[in-house]
Number of protein chains: 2
Amino acid sequence: MAEPKVCEDLLRERRKCTFDVTELTNLIDGGAQGTEERHYVENLVLNTEGLSTKNEVPEEYLSHKERYEYAVKKACILYEVLKEYAAKHNTMDAFKPTNKYRVTFGVVKDISPFMLHMGMFVPTILNQSDPEQMAEWLPQAMSMGILGTYAQTELGHGTFLRGLETTATYDPATEEFVLHTPTLTAYKWWPGGLAHTANHCIVVAQLYSKGVCYGVHPFFVQIRDTETHMPLPGVKVGEIGPKMGFQTANNGFLGFDHYRIPRRSMLMKNAQILKDGTYVKSKNDKLTYGTMVFVRVLIVTDVAYELSRAATIAVRYSAVRHQSQPKPGQPEPQILDYVTQQHKLFIGVATSHVFRVTGCWLWDSYSQVIADVGKGNMDQLPELHALACCLKAVCSRDATARVEEFRLACGGHGFMASSNLPIINGIVAATITYEGEYTVLMLQTARFLVKAWKQATLGNAMTPTVSYLVRFVNNDRVRWENRPEGIVSGFLAIAAGKTKAACESLQEYERSGMDYEDAWNSASVQLVNASEAHCRAILCEVSWRELSRLAAQSSPSLGKVLLQMGELYLIYWALEKRGDLLLYSTITGADIAKLQARYEVLLGLLRPNAVGLVDAFDIRDEILNSTLGAYDGRVYERLMEEALKSPLNAEPVNQSFHKYLKPLMMKAKL
Amino acid sequence: MAEPKVCEDLLRERRKCTFDVTELTNLIDGGAQGTEERHYVENLVLNTEGLSTKNEVPEEYLSHKERYEYAVKKACILYEVLKEYAAKHNTMDAFKPTNKYRVTFGVVKDISPFMLHMGMFVPTILNQSDPEQMAEWLPQAMSMGILGTYAQTELGHGTFLRGLETTATYDPATEEFVLHTPTLTAYKWWPGGLAHTANHCIVVAQLYSKGVCYGVHPFFVQIRDTETHMPLPGVKVGEIGPKMGFQTANNGFLGFDHYRIPRRSMLMKNAQILKDGTYVKSKNDKLTYGTMVFVRVLIVTDVAYELSRAATIAVRYSAVRHQSQPKPGQPEPQILDYVTQQHKLFIGVATSHVFRVTGCWLWDSYSQVIADVGKGNMDQLPELHALACCLKAVCSRDATARVEEFRLACGGHGFMASSNLPIINGIVAATITYEGEYTVLMLQTARFLVKAWKQATLGNAMTPTVSYLVRFVNNDRVRWENRPEGIVSGFLAIAAGKTKAACESLQEYERSGMDYEDAWNSASVQLVNASEAHCRAILCEVSWRELSRLAAQSSPSLGKVLLQMGELYLIYWALEKRGDLLLYSTITGADIAKLQARYEVLLGLLRPNAVGLVDAFDIRDEILNSTLGAYDGRVYERLMEEALKSPLNAEPVNQSFHKYLKPLMMKAKL
Ligand SMILES: Cc1cc2nc3c(=O)[nH]c(=O)nc-3n(C[C@H](O)[C@H](O)[C@H](O)COP(=O)(O)OP(=O)(O)OC[C@H]3O[C@@H](n4cnc5c(N)ncnc54)[C@H](O)[C@@H]3O)c2cc1C
Ligand SMILES: Cc1cc2nc3c(=O)[nH]c(=O)nc-3n(C[C@H](O)[C@H](O)[C@H](O)COP(=O)(O)OP(=O)(O)OC[C@H]3O[C@@H](n4cnc5c(N)ncnc54)[C@H](O)[C@@H]3O)c2cc1C
């Protein structure tokens, strides 16, 4: 059958594009080879029988239970297909940011029940088990011989790890740990895949030996029989119910009733328990930082990707949708021609690039620090930790806001599940909370900033990401310069100024008689503001530097567009934060009016390339899953086709008419 | 059985409250009698057999189809119960803002398939049919003898009503209209209850007579047989599929194939078609404004209510949740004691009050204008229209942001459907789009503002809500005064300043050679900003005035709290908009620091009353539907109880293990 034609609007847009779309695609994939490899994996998966979702009732129509069963089925076929490929890539390096495996969204639209298996179970084994443990567990996990997850959060505690209540008490008589759930709030709650999918998991529990509590440690625990899948005696496990998203993630709860596991179930790369119950401390407490930081680093590029999906949907739809008639007698314009619409869309496209390049830079910093740690040098861990905290927090939050803006930009149809924007919204919104809640992470970075400010005032040497503070110790108004580097300077001044203000407020509260922690709490709104300003400055500085570097390496036509996006991001935020610029730089009202004018010019410059820019994200229709965003622009046909798949539409009259509606109407006639 | 005890944290909070909770409840209900009537309706409904949801599998677990069937069943019992009561209240006045009927959320958590029947079908009959039509249709509609909806939006057109493609062509030979859907994009798309519930609807179509198109008009159309519920010949109707919310609203599509309806099906209060096909124009085009404005006015108090539900959940949960240990050795504090948490919560509580009092003020303005219109005076319609546009837009958007903030404030558990925050989020988010999309409405208000600015510069007389512009024609920096009235002045100055800037930018673009509409488009980002500033100024001015008035009428202890909330709202926004205040007032950095300090003081003042404030919203557990927000604070027990209702938890091993997981694992062992 011939493929349906691409709609005329999109054809015209594509003809207008001023740069080579493939060149940008390759840049996003980290080189042409990256694109090739991604295509290889995508073809491998999407050409597999049983993985196409095209002619099925879409998963959103199913009951919660059916939806899970559907996801398990698909995920099993998928992992069977990917296993061999993945086995060749089982080092931590294989986890570096890549869009290769995003093809899973072409198989299950929402989160897979196996997400935690590869996302947390395997990495924890890689990072925290000793060589013997690794040799035993890793091959099984990589080949899906066992199915795992990561169980840390409990009903009563997520943020505060030291407050976890699950206990692991060592019994030297049998050389076993006894896992126990002493209270309702001690139940594990949230781990993905835990409910009915995993038969093993990493359990984080309070370690007791010889009557002493040594704090939380990870344990490798079997929870279900591998033959029958029945929960093992002493294990109580189930699912936690529907959520705002993650419907197919199979998040579960887990309780133990004096459940025994062998001594060697404790992950022993760092701390250990000897046979007699002696506790051997980890050489460095900070070593566990590594895994936590790892996941946060990846979230930055994850949300960049989700943004690119939402952008593709909203921009293509805006090219196809025509609405209103500003000029009597003339045809209705594409909504993409409304400047307010460009204002909603282009900052989101730019943000996706900003987050991706910053995320890759962060990954490189991470890899380098971890390599140093391997050599025994831990000096840079605190800075990396502070950086990953605020970047994870701010990027997840910004991305959620941008995805929602993309959704709203599609008007009513953006509210349809078939647009896929609601599902993407659920996926992105969750990142604000998991792996460290927004405010909690921002306050972590604030602790680092407060220390750094003190160092700066003392004239001490500073680590790279906060060395800018020194410049503002005695002078907080930076001279305004109306160019990208000037905006970056402005943001550094804001960050320093807010850090200073928060520190002063902290001292003020202390002077009023509060102890440090009460003062900290009282100043915490300002401390979070300081963290945000610091993070925004880093995003501006790093992304402008990285985009400039990439632009210099690209063809002139692409280079120009990369710089336009970098500049749009800077100006958008300069306008958003003009109050702060007025306080911490010499900017004037006239300068701000110039920024506004330049912003409007940039929207106009990006307009002809809008569709080219999202085409360059190179997201296949099967992965996009959107009636509004498909490559061919057949929006209305798809909306209707999808609606006709509704089981409700299979019958002209639903049974509820006879049971309920008719009797109701009959009574009215009496 | 004895009721489970209220948790100690909430008991202690309630003891701390400094004002009379019932007094505030009565104030919210517009008097003690309002509370009594609401309680009467709530008891009527919630004591009805078959309406309690307590022991059922929660609706989120069902398939899309089952969920609809469940909602229809509940809605029928509900309307049967409410019918008699409602019949006594069938004038437009009965539609004035009240929380009496919010009890429907205690029956179906999400939107009812009957929402449009009472929300749009009945009001349109009331507003647009002539006396004879009203006499025929209204009693049937009020008694649920017929089930209706309002079908305006099409696949291709929502915003642009003049672009609707459905045609109604008058045939004088038979004295009928022929309804027709000429294209795919002409299909009606979105109307609530249209899919499988309604048998009648108001259809908005292009009226043709004697070869002339007279634009869009409303028609009263039967679409299904009342006996069999089969779609009538020539009618194609079905549902549009799952959405981000409104899962049980049964939104539908509708197409006509040369479908004939009697001449008198056209709603003839305003325009008419005579038997011979002569078109009789409406006396005033603006008369149709009325219904549009009506629904927008109600949205302001609707979102105020949704905010109060989300606030109740998040504040009570924050009183029960303990997390982290700022001080070594001390117990974990209630998260409500973190100032960052208070920052997230209290502005949302205050916003609910601000929107409610502003919404009631808007309703009063509306009623008065409509009364004048009845006497033939249309002068105030444009101002009312402009006011309703921006207030609907800004309140819907702000409320959505605040609900999301409440959800995030609950950490991971806020992501659970059983918290009810995800459903509330879907309900509120939709209001940004339906009944006039955000940007489109903001630009409508901007048109009014631009005209008003011109009048102001000419020294002409101004209508009340824009008369402030005159003060700023020659002087745009207002003298800063650090008190509530000073903040209100500051916001008026910002609104005037931004209106001026947008007008100048518009002229600038025109001078550069653009025609007016292109210039309008180019300046539209600034025009929307001006609208937003105008709306914010109105919210600040009206709410401060109304809350002060109510405070004066209340007991001193309650009065104090009302003023604190009003002031919190003002200061919160003054800090958010400090950039604008720096540009348009004489405020200094030191003044801003004072505002920040006062903000932190206010959070502390509101803290002891936090639980009392949400208790005063007086939302019964059945209507709140939340594991996190119930009156007794048994959060963890409820989370587990709800999870155990999951059909997946009925079996220890799901069938998918044997079908998919086991074979996957077995292959690994080969
Ligand atoms: C979709 C999803 C998937 C998840 N998957 C997993 C998983 O696979 N495995 C797993 O173990 N966990 C998982 N989690 C749990 C997740 O890690 C926690 O929800 C997260 O860490 C936040 O903790 P919390 O829920 O306890 O929030 P809380 O800490 O209770 O936060 C509630 C509020 O209190 C505030 N607060 C708390 N402490 C402080 C403080 N010290 N100072 C100021 N404010 C404070 C927060 O800012 C927030 O506003 C998942 C969660 C979600 C939503
Ligand atoms: C939950 C829900 C329930 C609904 N229920 C009903 C119902 O019962 N009955 C009914 O008839 N309809 C209903 N609707 C439809 C609703 O009224 C429309 O979706 C709404 O009016 C917005 O129109 P649209 O979808 O055409 O958006 P569009 O106009 O297509 O908006 C898309 C984008 O284009 C922009 N845009 C459009 N025109 C302009 C312009 N002139 N200038 C600048 N920007 C512009 C918008 O700002 C937006 O960003 C419902 C919708 C929803 C989401």
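Anything mentioned here points back to the structure above.
Everything quoted here is computed from the prediction, not taken from an experiment.

## Here we look at the sheet that holds strand 4 (residues 188-189) of chain A
All names here are of chain A.
Reasoning step 1: The antiparallel open sheet is built from three strands, whose spatial order is 4-8-7. Two strands in the sheet have a free side with no partner beyond their single neighbour: strand 4 and strand 7 (235-239).
Reasoning step 2: Pairing analysis gives five bridges linking strand 7 to strand 8 (residues 252-256), with the strands arranged antiparallel. Within strand 8, the position partnered with Gly-238 by the bridge is Phe-253.

## Here we look at the site of ligand 1
Reasoning step 1: As a structural note, the neighbourhood of ligand 1 is formed by 32 residues, with Thr153(A), Thr159(A), Glu437(A), Arg321(B) and Gln341(B) the closest of them.
Reasoning step 2: Around ligand 1, the neighbouring residues derive from chains A and B rather than from a single chain.
Reasoning step 3: Between Gln341(B) and ligand 1, the recorded distance is 2.7 Å, taken from a side-chain N or O atom to an oxygen atom.
Reasoning step 4: Contact with the protein chains removes 93% of the 970 Å² of surface that ligand 1 exposes when unbound.
Reasoning step 5: Residue assignment for the shell around ligand 1 shows that the elements contributing at least two residues are helix 11 (438-457) of chain A together with helix 8 (339-374) of chain B.

## Quick word on the relation of the copies chain B and chain A
Reasoning step 1: The two copies are related by a screw motion: chain B maps onto chain A through a turn of 180° and a shift of 0.0 Å along the axis, at an RMSD of 0.0 Å. Seen this way, the second copy is the image of the first under a two-fold rotation axis.
Reasoning step 2: In this assembly the copies share their binding face: 99% of the residues contributing to the interface of chain B also contribute to that of chain A.

## Here we look at empty space enclosed by the protein
Reasoning step 1: Under the counting rule described, the total for this entry stands at eight cavities of 30 Å³ or more.
Reasoning step 2: There is about 690 Å³ of room inside the largest cavity.
Reasoning step 3: What lines the largest cavity is a set of 34 residues, among which Lys243(A), Met244(A), Gln247(A), Lys243(B) and Gln247(B) lie closest to the centre.
Reasoning step 4: At the level of elements, helix 4 (64-87) and helix 10 (421-430) of chain A together with helix 4 (64-87) and helix 10 (421-430) of chain B are the ones that each hand at least two residues to the lining of the largest cavity.

## Observations regarding the sheet that holds strand 7 (residues 235-239) of chain B
Residue and element names in this part refer to chain B.
Reasoning step 1: Within the open sheet, the three strands sit side by side as 4-8-7. Their pairing is antiparallel. At either end of the open sheet lies a strand with only one pairing partner, and these are strand 4 (188-189) and strand 7.
Reasoning step 2: Relative to strand 8 (residues 252-256), strand 4 is paired through two bridges, and the arrangement is antiparallel. By the bridge assignment, Lys-188 is partnered in strand 8 with Leu-254.

## A look at the pattern of salt bridges
Reasoning step 1: Counting across every chain of the model gives 94 salt bridges over all chains.
Reasoning step 2: Note that Lys65(A) is salt-bridged to Glu651(B), the shortest N-O span being 3.6 Å. A residue pair is termed interchain when its members come from two chains, as with Lys65(A) in helix 4 and Glu651(B) in the loop between helix 20 (635-643) and helix 21 (656-669).
Reasoning step 3: Judged by relative accessible area, which is 24%, Lys65(A) ranks as partly exposed.
Reasoning step 4: In this structure, Arg607(B) and Asp337(B) form a salt bridge, with 2.7 Å as the shortest nitrogen-oxygen distance. A residue pair is termed long-range when its members are at least 10 positions apart, and Arg607(B) in the loop between helix 17 (589-606) and helix 18 (610-615) and Asp337(B) in the loop between helix 7 (289-320) and helix 8 qualify at 270 residues.
Reasoning step 5: Owing to a relative accessible area of 7%, Arg607(B) belongs among the buried residues under this scheme.
Reasoning step 6: For Asp337(B), a relative accessible area of 32% puts it in the partly exposed group.
Reasoning step 7: A network of salt bridges, in which partner residues are shared, links Glu13(A), Lys16(A), Asp337(A) and Arg607(A).

## Digging into the interface of chain B and chain A
Reasoning step 1: Counting residues at the interface gives 133 residues for chain B and 132 residues for chain A.
Reasoning step 2: Note on chain B versus chain A: buried area summed over both sides is about 11300 Å², and carbon and sulfur give 63% of it.
Reasoning step 3: Of all residues in chain B, the largest losses of buried area upon contact with chain A belong to Phe415(B), Leu648(B) and Leu664(B), amounting jointly to 6% of the total for that side.
Reasoning step 4: For the pair chain B and chain A, the number of links is 14 salt bridges.
Reasoning step 5: Two residues, Glu405(B) and Arg397(A), come together in a salt bridge whose shortest N-O distance is 3.1 Å.
Reasoning step 6: The interface formed by chain B and chain A includes 58 residue pairs in polar contact (both at pLDDT 80 or more).
Reasoning step 7: Sorting elements by how many residues they give to the side of chain B that touches chain A places helix 21 of chain B first, with 11 residues.
Reasoning step 8: Residues of the side of chain B that touches chain A, tallied by class, amount to 54 nonpolar, 45 polar and 34 charged.

## A word on the site of ligand 2
Reasoning step 1: Every one of the 31 residues lining ligand 2 counts as a neighbour, but Arg321(A), Gln341(A), Thr153(B), Thr159(B) and Glu437(B) are closest to it.
Reasoning step 2: The residues that come close to ligand 2 belong to more than one chain, namely chains A and B.
Reasoning step 3: One of the side-chain N or O atoms of Glu437(B) is found 2.7 Å from an oxygen atom in ligand 2.
Reasoning step 4: Of all the elements in the fold, those that place two or more residues in the shell around ligand 2 are helix 8 (339-374) of chain A together with helix 11 (438-457) of chain B.

## Comments concerning the packing of aromatic side chains
Reasoning step 1: Scanning all chains against the criterion turns up 40 aromatic pairs over all chains.
Reasoning step 2: The interplanar angle of 50° and the centroid separation of 6.3 Å between the aromatic rings of Trp190(A) and Phe415(B) together place this pair among those described as tilted. With Trp190(A) in the loop between strand 4 and strand 5 (200-209) and Phe415(B) in the loop between helix 9 (381-409) and helix 10, this pair bridges two chains. A single burial state applies to Trp190(A) and to Phe415(B), both of which are buried.
Reasoning step 3: Seen from the ring of Tyr438(A), Arg397(A) lies directly overhead, with NZ or CZ sitting 4.6 Å from the centre.
Reasoning step 4: It is Arg447(A) that lies over the ring of Trp520(A); its NZ or CZ is 4.0 Å from the centre.

Basis of the calculations
- Residues numbered from 1 in each chain as written.
- Chains lettered and ligands numbered in written order.
- Predicted model: local features only at pLDDT ≥ 70, side-chain atom pairs only at ≥ 80, totals over all residues.
- Heavy atoms only, no water.
- Pairing = 2+ DSSP bridges.
- Helix = DSSP H or I, 4+ residues; strand = E, 2+ residues; numbered from the N terminus.
- Near = heavy atom within 4 Å.
- Polar contact = N/O pair within 3.5 Å; in protein donor to acceptor, adjacent residues only side chain to side chain.
- Areas by Shrake-Rupley, 256 points an atom, 1.4 Å probe, with all protein chains shown as cover.
- Least-squares fit on C-alpha atoms with pLDDT ≥ 70 in both.
- Contact = heavy atoms within 4.5 Å.
- 1 Å grid on protein atoms, 1.4 Å probe; cavity = no way out; pocket = protein on both sides within 12 Å on 5 of 7 lines; lining within 4 Å.
- Points joined across faces, edges and corners; volume = space filled by probe spheres on them.
- Salt bridge = Lys/Arg side-chain N within 4 Å of Asp/Glu carboxyl O.
- Buried < 20%, exposed > 50% of the residue type's maximum accessible area, 1.4 Å probe, protein only.
- Buried area = accessible area lost by both parts, 1.4 Å probe.
- Nonpolar A, V, L, I, M, F, W, Y, C, P; charged D, E, K, R; others polar.
- Phe/Tyr/Trp six-rings, centres within 6.5 Å; stacked < 30°, edge-to-face > 60°.
- Lys NZ or Arg CZ within 6 Å of the ring centre and 35° of its normal.

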